Amino acid sequence: MTKIAVVGTGAIGATIAAWLIADPALDVTLCARTPFERLRVQTPDGDLESQPLLLTDPDTADPVDWVIVATKTYDAAGASRWLDRLVHDGTRVAILQNGVEHLSRFPQIDPSRIVPVVVDIPAERRAPGDVVQRRTGSLTIPAGPASDAFAVLFATTPIELRLTDDWLTAAWQKLAINCAGVVSALTLKPAGIAHDPDIAELMRGLVRECIAVGRAEGAVLDDEVADKVVEGYRTGPADSINSIHADRLAGRETEIDARNEVIVRLGVRHGIDAPLNRMAATIIRAS
Ligand SMILES: NC(=O)c1ccc[n+]([C@@H]2O[C@H](COP(=O)([O-])OP(=O)(O)OC[C@H]3O[C@@H](n4cnc5c(N)ncnc54)[C@H](OP(=O)(O)O)[C@@H]3O)[C@@H](O)[C@H]2O)c1
């Protein structure tokens, strides 16, 4: 039996865990901060319910074949405490998080053992262990042996595994969408704010900075990405609340570092200024 530990059982971790638990060939343990009795995930294909083994203390964890990390990016230090116990010689680690720094966020793990994952599965947590998966969605991973092995884990699930020869570009394309979403966190208004022409131009500016830095990092990004991102926000549900907006509304920490500050930080490396992303991040930090 393949042993899997899911670290972080919020919206994404719970959804992934629920699907993997449904496969009797997989032995799934949940590594949670907040415990719960039952795991319930409402999916587009029906409800999944289970009572998996759940640990809350990293010191009680044993090595596994796969670790799936699905904490928020700012909880990497807490996730690392689990990795210290779960990872042994043959363990592979999949990082299901936003941003473009999946590997550097976990410097203690040999990069050849990490599968970085771009997540496109909209999901929301209603309560600990109680999640709604809005769309079947996909996971984008870099082509290679570790990713092939990761994809096998999902063979019996409806989740689409996309293997790409240019994962870096896929990650920066997602970052382009995410960095523009900061306007909702700043204005506390949902995605429909993109119909405001001045806000739309601000979003294009945020994305243009992302494109410049992404290109310097090696991603292949067209100039048209800026317009496409705005169009995407305009054609989606106007009342949609992105995660950084939701985090601000709830008074939680935000992923501003992984979504906007990263553009500023990596820009410095290439002598590229990113004043709009810097201002957005500064205001979010000061709010
Ligand atoms: N949700 C989406 O639709 C979506 C879509 C695409 C990408 N993503 C990305 O996926 C990643 C995960 O997002 P999410 O929405 O699933 O976040 P989330 O709902 O906030 O879940 C994160 C989970 O990590 C847990 N956690 C934090 N520190 C921990 C620790 N030290 N040990 C064990 N568990 C710990 C949290 O515990 P508590 O229960 O105690 O808070 C929470 O259950 C993020 O990078 C996000 O940007 C999310």
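The structure presented is a predicted model; accordingly, all values stated were derived computationally and were not measured.

Q: Requested: an account of the domain arrangement of the protein, with residues and values cited.
A: We note that the domain assignment places domain 1 (2-165) and domain 2 (168-286) within the protein. Opposite the 11 residues of domain 1 that make contact, domain 2 presents 16 residues. Interface area for domain 1 against domain 2, summed over the two sides, is near 1,200 Å², with a carbon-plus-sulfur share of 55%. Contact with domain 2 buries surface across domain 1, with Tyr74, Asn98 and Val100 losing the most and accounting together for 48% of the total. Our count for the domain 1 to domain 2 interface comes out at 2 salt bridges. Inspection of the region where domain 1 meets domain 2 yields 6 residue pairs in polar contact (both at pLDDT 80 or more). Split into classes, the residues belonging to the side of domain 1 that touches domain 2 amount to 4 nonpolar, 4 polar and 3 charged.

Q: Lay out the site of the ligand with the relevant residues and their values.
A: The environment of the ligand is formed by 25 residues, the closest being Ile12, Thr34, Asn98, Arg125 and Glu255. Within the backbone of alanine 11, an N or O atom sits 3.0 Å from an oxygen atom of the ligand. Within the contact set of the ligand, an oxygen atom lies 2.8 Å away from a backbone nitrogen or oxygen of isoleucine 12. Starting from 900 Å² of accessible surface for the ligand in isolation, the protein chains cover 87%. Only α1 (11-21), α2 (76-86) and β9 (123-127) provide two or more residues apiece to the shell around the ligand. For the shell around the ligand, the per-class residue count stands at 11 nonpolar, 8 polar and 6 charged.

Q: Help me get a handle on the environment of isoleucine 283, residues and values and all.
A: Looking at the secondary structure, you find isoleucine 283 in helix α10 (residues 275-286). On a C-alpha basis, the gap between isoleucine 283 and leucine 186 in space is 7.7 Å, while along the polypeptide they are 97 residues apart.

Q: So, the sheet that holds β9: which residues are in play, and what are the values?
A: The strand order across the open sheet built from 4 strands is β4-β3-β10-β9, with neighbouring strands paired in mixed fashion. Here the strands that pair on one side only, and so sit at the sheet edges, are β4 (46-50) and β9. Here the strands of the sheet are splayed against their neighbours by 20° on average, with no regard to which way each runs. Pairing geometry for strand β3 (residues 39-43) and β4, over 5 bridges, is antiparallel. By the bridge assignment for β4, threonine 43 is matched with glycine 46. Each of β3, β4, β9 and β10 (130-133) touches α1; the most contacted strand, β3, lies at about 90° to it.

Analysis parameters
Residues numbered from 1 in each chain as written. Predicted model: local features only at pLDDT ≥ 70, side-chain atom pairs only at ≥ 80, totals over all residues. Heavy atoms only, no water. Domains from an automatic or database assignment. Contact = heavy atoms within 4.5 Å. Buried area = accessible area lost by both parts, 1.4 Å probe. Salt bridge = Lys/Arg side-chain N within 4 Å of Asp/Glu carboxyl O. Polar contact = N/O pair within 3.5 Å; in protein donor to acceptor, adjacent residues only side chain to side chain. Nonpolar A, V, L, I, M, F, W, Y, C, P; charged D, E, K, R; others polar. Near = heavy atom within 4 Å. Areas by Shrake-Rupley, 256 points an atom, 1.4 Å probe, with all protein chains shown as cover. Helix = DSSP H or I, 4+ residues; strand = E, 2+ residues; numbered from the N terminus. Pairing = 2+ DSSP bridges. Axes fitted to C-alpha atoms, helices over the stretch in contact; angles between N-to-C directions.

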